[in-house]
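# Remarks on the overall topology
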Amino acid sequence: MHCDVCHENEATVFLTQIVNGKMQKVNLCESCSKAKGVADPTGFALADLLLGLGAAQQVEEGTPEPVRCPQCGFTQTDFKKTGRLGCAACYETFAEGLESLLKAMHKGMRHTGKVPVRLQRALELGSKVETLKADLEKAVQQENYESAAELRDRIRQIEEEIHS
Amino acid sequence: MKLSDLTGQAGGWLEAGDSDNRIVITSRIRLARNLRDEPFPGWAKKAERVRVLDRIRPAVEGLAEMKDGASEGLADLSALDKQVLVERHLISREHAAKGAGSAVVVNRKQSVSIMINEEDHLRMQALRPGLQLAAAWKQIDKVDTALEAKLDYAFHPRLGYLTACPSNVGTGMRASVMAHLPGLVLNDQINQVIQAVNKIGLAVRGLYGEGTEAMGNLFQVSNQTTLGESEPEILERLGKVIGMILQHERHARENLLARRPTALLDQIGRAYGVLTHAWSIASKEALNLLSLLRLGIDLGLFPEPFRTGIDALFMETQPAHLQKASRQKLAAEERDALRAERIRGRLKALPPPATGSVTPGNGAPKESTDE
């Protein structure tokens, strides 16, 4: 990916900013980022400042292939227009950009409320697998192969249950 | 049952309550839910929306809570019927703009309404009179749990319930309390309160939600954020803030009585004069003056038995309710005349404010005369 300012060097500095709930992205090479003094990009309209007013729009449009949600065909431009996503899978497709938006909007980044009953079991099993995997690693490190084999079988068993 | 039969009856949540419930009109909790494998309504094509409706509607209609309730496609409702539902807070203004592929299901008591294909596939709400956030949550939680057994919800292990707008993701819950705050308005403290509430991540809105004007001194206070806190945590935070607002409102009323009784009695007396003698009145003016009569009842200036009638007028004088009751579409001037007639009828036996209990200059600091 090339630098949005000199259009020559490889971009190594990637900046994302949310302005009025809309996402702006600017990619810069090292020398341009230094020339523009981008050490602390907070508190100003990034793309506009670096590339002139209205540039944020162009940067977006200049991207050759917009990312499309594989499930519903939604793009980031559609989100810019409506402020709404296309489907549940969009949360994965646009996870990177949504991260900072969600951070700005909410109290935390992890859901701690109600969970559908049928997913509760899967979530519980999921965290159990995490614990067992940590135990397995420890067992391998301690060369305790007997219990490692036991743990491996249990993990396999639970994972099968999750996927069934 | 047809929705129009249901809305011919008073909504259960209009019933008057005690002390705090004189200030808090209603408590409402809505949950946003979506199906895992279908595009959100705003992005879906019409055929997809219809397919989603066909999946969801039988599940909703089959709920125990919806037994003997009403279910109607938005395409089958007239503009007037939709407006009646908006005025009753049974559907949102956004939902009223929908047609084929959207529906609303309301239980018999009109305390639970479920919108299908609004901004999300499902928007379900529980509505209760007075300050009853916990009870409203219990009720809608039950409905939601019954539905999740039949429908495959979009749920993310880290982000919770996935919604069309990222501002609803997580719990998908918006809890809001509608409060009647004439004291804070008359005391010029309402903007301070609104700013303070906004600062701690709660929103204050007008009568019909986002972007609407505050009429009749009615304000909706609701949570702004949905991710990072559990439902009970959000409700507790909201409840605490409501408690503080109620305290400020009571304090503002005491303050008005003690320091500016003439101004207060003047406002209530004028409201009484206009409402009992007007022959034409617009809905906004009616709401604002009815709010002052309601304050008068809270302060003991009018007999308590008139409370129910005055509360009912808040709803009856809304444009769509007026037209529905007169069974015809009316021009604005006709509505204003009919509204004035309804109000005069309801208030015919209402005596003038009993100002004996509140005497200006009775030990209170002297008021400035240029008020």
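Since the model is a prediction, treat every value here as computed from it, not as a measurement.

## Regarding helix H3 (residues 46-61) of chain B
Residues and elements named next belong to chain B. When the terminal C-alpha atoms of H3 are compared, their 22 Å separation across 16 residues agrees well with the 22 Å that a helix rising 1.5 Å per residue should span. Along H3, the residues classified as buried are Arg-49, Val-52, Leu-53, Ile-56 and Val-60. Considering only its buried residues, H3 is in contact with strand S3 (103-106), strand S4 (112-116), strand S5 (122-129) and helix H6 (133-148).

## Focus on the interface of chain B and chain A
Taken residue by residue, the interface counts 34 residues in chain B and 28 residues in chain A. For the side of chain B that touches chain A, the secondary-structure elements that each account for two or more residues are H6 and strand S6 (155-156) of chain B. Across the side of chain B that touches chain A, the residue classes break down as 14 nonpolar, 13 polar and seven charged.

## So, the sheet that holds S4 of chain B
Residues and elements named next belong to chain B. Ordered in space as S2-S3-S4-S5-S1-S8-S10-S9, the eight strands form an open sheet in which the pairing is antiparallel. In this open sheet, the two edge strands, each paired with only one partner strand, are strand S2 (70-73) and strand S9 (202-205). In this sheet, neighbouring strand axes are inclined to one another by 15° on average, regardless of whether the strands run parallel or antiparallel. Pairing geometry for S9 and strand S10 (residues 218-223), over four bridges, is antiparallel. Across the sheet, the residue bridging to Arg-205 is Gln-220, located in S10. Across the sheet, H6 touches strand S1 (24-33), S4, S5 and strand S8 (173-180), and the angle it forms with S1 is around 25°.

## Here we look at the confidence of the model for chain A
All names here are of chain A. Across chain A, pLDDT averages 78, with 76% of residues at or above 70. Least confident of the elements in chain A is helix H3 (residues 55-62), whose mean pLDDT is 50; most confident is helix H5 (residues 90-93), at 93. Scored below 50 in pLDDT, residues 40-45 makes five contacts in the model with residues more than four places away or belonging to other chains. Segment residues 52-56: pLDDT under 50, and six contacts once partners within four positions in sequence are set aside and those in other chains are kept.

## A few points about helix H7 (residues 117-141) of chain A
Over its 25 residues, H7 of chain A extends 37 Å from the first C-alpha to the last, a length consistent with the 36 Å expected when each residue adds 1.5 Å. Positive phi appears at Glu-143 of chain A, one or two residues downstream of H7 of chain A, with a value of about 55°.

## What about the packing of H6 of chain B against helix H9 (residues 231-259) of chain B?
All names here are of chain B. Their axes nearest at 10 Å, the elements H6 and H9 cross at an angle of 155°. One finds that H6 runs roughly antiparallel with respect to H9. When the axes of H6 and H9 are compared, the crossing they make is right-handed. Note on element contacts: H9 touches H6 through Glu-231, Leu-235, Leu-238 and Gly-239, opposite Leu-133, Ala-134 and Trp-137.

Definitions and cut-offs
- Residues numbered from 1 in each chain as written.
- Chains lettered and ligands numbered in written order.
- Predicted model: local features only at pLDDT ≥ 70, side-chain atom pairs only at ≥ 80, totals over all residues.
- Helix = DSSP H or I, 4+ residues; strand = E, 2+ residues; numbered from the N terminus.
- Expected span 1.5 Å × (residues − 1).
- Buried ≥ 20, exposed ≤ 12 C-beta atoms within 10 Å, placed from the backbone.
- Contact = placed C-beta atoms within 7 Å.
- Nonpolar A, V, L, I, M, F, W, Y, C, P; charged D, E, K, R; others polar.
- Pairing = 2+ DSSP bridges.
- Axes fitted to C-alpha atoms, helices over the stretch in contact; angles between N-to-C directions.
- pLDDT = per-residue confidence, 0-100.
- Parallel < 35°, antiparallel > 145°, perpendicular 65-115°, else oblique.
- Left-handed = near helix turned anticlockwise from the far one by under 90°.

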